[in-house]
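What follows is each chain in one-letter form.
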Amino acid sequence: MNLHLAVLVVYAALLMGFGLWAGRRVRRARDFFVAGRRLGPFVLFATILASNIGAGSTVNAAALGYRDGLSAWWWVGSAGLGSIVLALWIGPRVRRLAARHDLHTVGDFLEQRYGRAVRAAVAALLWIGTLAILAGQLLAIGWVLNVVVGLDRWVGCVLGGLVVTVYFSAGGLLTAAWVNVAQLAILLAGFVVVLPLALADVGGWGHVVETTRDIEGYWNPWRGGGSGWFYLAMLGPAFIVSPGLLQKVYAARDDATVRAGIGLQAAVLLVFAAAPVVLGMIARSVYPTLANQDLALPTLLMEAVPPLVGALGLAALFSAEVSSADAILFMLATSLSQDLYRRFVRPGASDGEVLRVARLAAIAGGVLGTGLAVAAETIAGVLSFFYTLLTVSLFVPVMAGLYVRRVGATEALASLAGGVALATLVQVTTAGAGIAGLTPAMCGLGGAALACGAAALVRPPRP
């Protein structure tokens, strides 16, 4: 067993052990779903940031940096900009509503605002998208283990799925929030140490510039290759209305906690956004002909830095993927148990019964997400699908539900249908290229807003 693998094995065992230990404190659905509504600013900061820095923010961001250069910053930077909106405006308002009406999921909010039909429609769409992003996290773990020890990618996906399913299903949000604190410490320490050492080991910034200066658009911060500012339309709204993030906002103890915890998280995310991109650019300067760009960051950590530093960096990567994976399981487990089981299957289910269903849903989600990861090809593909679906299905209903009283169930359902249909049409007919510079996510978001407005105009005013 080499050093890199030994570090990952010990770290994974500690995560599962802590999760099982902490899970013994969870006896009520309220603890599992919203951590008793008692998270303070630091824990909220840690669990939100750990959720937002996952496969997309590390392995995939480095892959985009490897391929496209500086403009890949927008992949993570857009999430930071969306988080500012969540911290200052949307988050505090949502938290107050959740506390007032004892809401546990975004589905609870949608039903309270629009009715059960909207809740069911959104839940069905998100179950599909949630499995896609979970697969993206597990796929990144598979690639890491493939580079570290030569394991087949599918074996790494299965191992990653096992780790996150064990510790999350034990305790839900209460466990995940405290596990995320430890994961975040490893994650940030790893990148802080690895970035300057990797740059020094390849010959400094001048070497990176010299070897990549002739690549068209590589040093354009706005748009280069397949990356650029247009990520903001797909990712910014997704990080404002993501069920996994909003449900963590529900767990904050007051509005000041939301503003401080998520605001600090947004600031860190905007700075962190450059780190994986620069590491990807460093990898391009050393390994210009990698067959798979998703391997840029794992390869750099294995071969271009001292073994101990590389082991720390790989542990940071593993932390990132696992912490985001538990956030996805959280979305899936709470939605299935609250939005489906308690609302439609057994409305009179006891607290203990709902908790048991939530744990079983987490296990089932882990199994299905692992299977999808084994079948998937690229991280970017599955993550882009999820974020587009999340943006076009949730953004308009949530924003209108908070601020526009005239919008009701009819308008919300129209926005869902219009947004998803138009985004899918543009995706299929243009192979994801978009129309006149508008991505499928942009088209879908516009379609959702127009459909909502049209439905409001044709429907007679309610008394």
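Everything below is about the structure shown above.
Residues numbered from 1 in each chain as written. Predicted model: local features only at pLDDT ≥ 70, side-chain atom pairs only at ≥ 80, totals over all residues. Heavy atoms only, no water.

K.L.:
Would you mind showing me how to read the overall build of the protein chain here?
P.N.:
On a plain count of helices and strands, the protein chain comes out with 20 helices and two strands. Scaling as 2.2 N^0.38, a compact globule of 463 residues should have a C-alpha radius of gyration of about 23 Å, and the protein chain matches this with 21 Å. Projecting the C-alpha coordinates of the protein chain onto the three principal axes gives extents of approximately 70 × 55 × 40 Å. Within the protein chain, the fraction of its 463 residues that count as buried is 61%. Considering only contacts within the protein chain whose residues lie at least 6 apart along the sequence, 84% involve residues at least 24 apart. Carbon together with sulfur atoms contributes 69% to the accessible area of the protein chain, which is approximately 16700 Å² in total. Separation between the mean location of the 31 positive side-chain charges and that of the 21 negative ones in the protein chain comes to 14 Å. (Helix = DSSP H or I, 4+ residues; strand = E, 2+ residues; numbered from the N terminus. Rg over C-alpha atoms; globule rule 2.2 N^0.38 Å. Buried < 20%, exposed > 50% of the residue type's maximum accessible area, 1.4 Å probe, protein only. Contact = heavy atoms within 4.5 Å. Areas by Shrake-Rupley, 256 points an atom, 1.4 Å probe, with all protein chains shown as cover. Lys, Arg positive; Asp, Glu negative; His and termini not counted. Charge placed at Lys NZ, Arg CZ, Asp CG, Glu CD.)

K.L.:
Could you clarify how one ought to interpret the side chain of R119 in this entry?
P.N.:
Assignment of secondary structure puts R119 in helix α7 (residues 116–149). Judged by its relative accessible area of 5%, R119 falls in the buried class. Once residues lying within four places of it in the same chain are set aside, the contact partners of R119 are T105, G107, D108, L110, E111, Q338, D339 and R343.

K.L.:
Explain a nonpolar patch on the surface to me, please; I cannot follow it from the model alone.
P.N.:
On the surface, L81, I84, L88, W89, L232, Y403 and V404 cluster together to form a nonpolar patch covering roughly 610 Å² of accessible area. It is helix α5 (residues 73–101) that contributes the most residues to the nonpolar patch, four residues altogether. Relative to the assigned elements, V404 resides in the loop between α18 (379–403) and α19 (409–430). (Patch = residues over 30% accessible without salt bridge, like charges linked within 9 Å, V, L, I, M, F, W, Y side chains within 5 Å. Salt bridge = Lys/Arg side-chain N within 4 Å of Asp/Glu carboxyl O.)

K.L.:
Could you clarify how one ought to interpret the packing of helix α12 (residues 243–250) against helix α16 (residues 307–345) in this entry?
P.N.:
Angle between the axes and distance between the axes are the two parameters that describe a pair of packed helices. Viewed as axis vectors pointing N to C, α12 and α16 meet at an angle of 80°, and their least axial separation amounts to 9 Å. Comparing their axes, α16 and α12 come out roughly perpendicular. Contacts between α12 and α16 involve P243, G244, Q247 and K248 from the former and D326, A327, F330, M331 and T334 from the latter. Residue composition of the contact of α12 with α16, by class: four nonpolar, three polar and two charged. (Axes fitted to C-alpha atoms, helices over the stretch in contact; angles between N-to-C directions. Parallel < 35°, antiparallel > 145°, perpendicular 65-115°, else oblique. Nonpolar A, V, L, I, M, F, W, Y, C, P; charged D, E, K, R; others polar.)

K.L.:
Where do I start with the nonpolar core in this structure?
P.N.:
Soluble globular proteins: nonpolar side chains tend toward being buried together. In terms of nonpolar packing, the biggest core is built from 143 residues, with W75, F191, F318, Y387 and L394 touching the most fellow members. With 17 residues, the top contributor of residues to this core is α7. Counting six residues, the second-largest nonpolar core is a separate cluster that includes F33, Y341, A349 and V357. (Core = buried A, V, L, I, M, F, W, Y, C linked by side-chain atoms within 4.5 Å.)

K.L.:
Is there a simple way to explain the side chain of S415 in this structure?
P.N.:
Structurally, S415 is set in helix α19. We classify S415 as buried; its relative accessible area is 1%. Polar contacts involving the side chain of S415 include one to the main-chain carbonyl oxygen of A412, which spans 2.8 Å. (Polar contact = N/O pair within 3.5 Å; in protein donor to acceptor, adjacent residues only side chain to side chain.)

K.L.:
Help me understand the pattern of salt bridges, please; the structure alone is not making it clear to me.
P.N.:
Should their charged atoms come close, side chains of opposite charge can pair. Per the counting criterion, the structure on display carries 10 salt bridges. Among the salt bridges present, the one from R37 reaches D102, with a minimum N-O distance of 3.1 Å. Here the residue R37 occupies a position in the loop between α2 (29–34) and α3 (41–52), and D102 occupies one in the loop between α5 and α6 (106–114), the gap between them amounting to 65 residues. The exposure class assigned to R37 is buried, which follows from its relative accessible area of 13%. The exposure class assigned to D102 is partly exposed, which follows from its relative accessible area of 42%. A salt bridge links R119 to D339; the nearest nitrogen and oxygen atoms lie 2.7 Å apart. On the criterion of sequence distance, the pair formed by R119 in helix α7 and D339 in helix α16 is long-range, its members being 220 residues apart. Here the salt bridges do not stand alone but share partners, grouping D108, E111, R119, D339 and R343 into one network.

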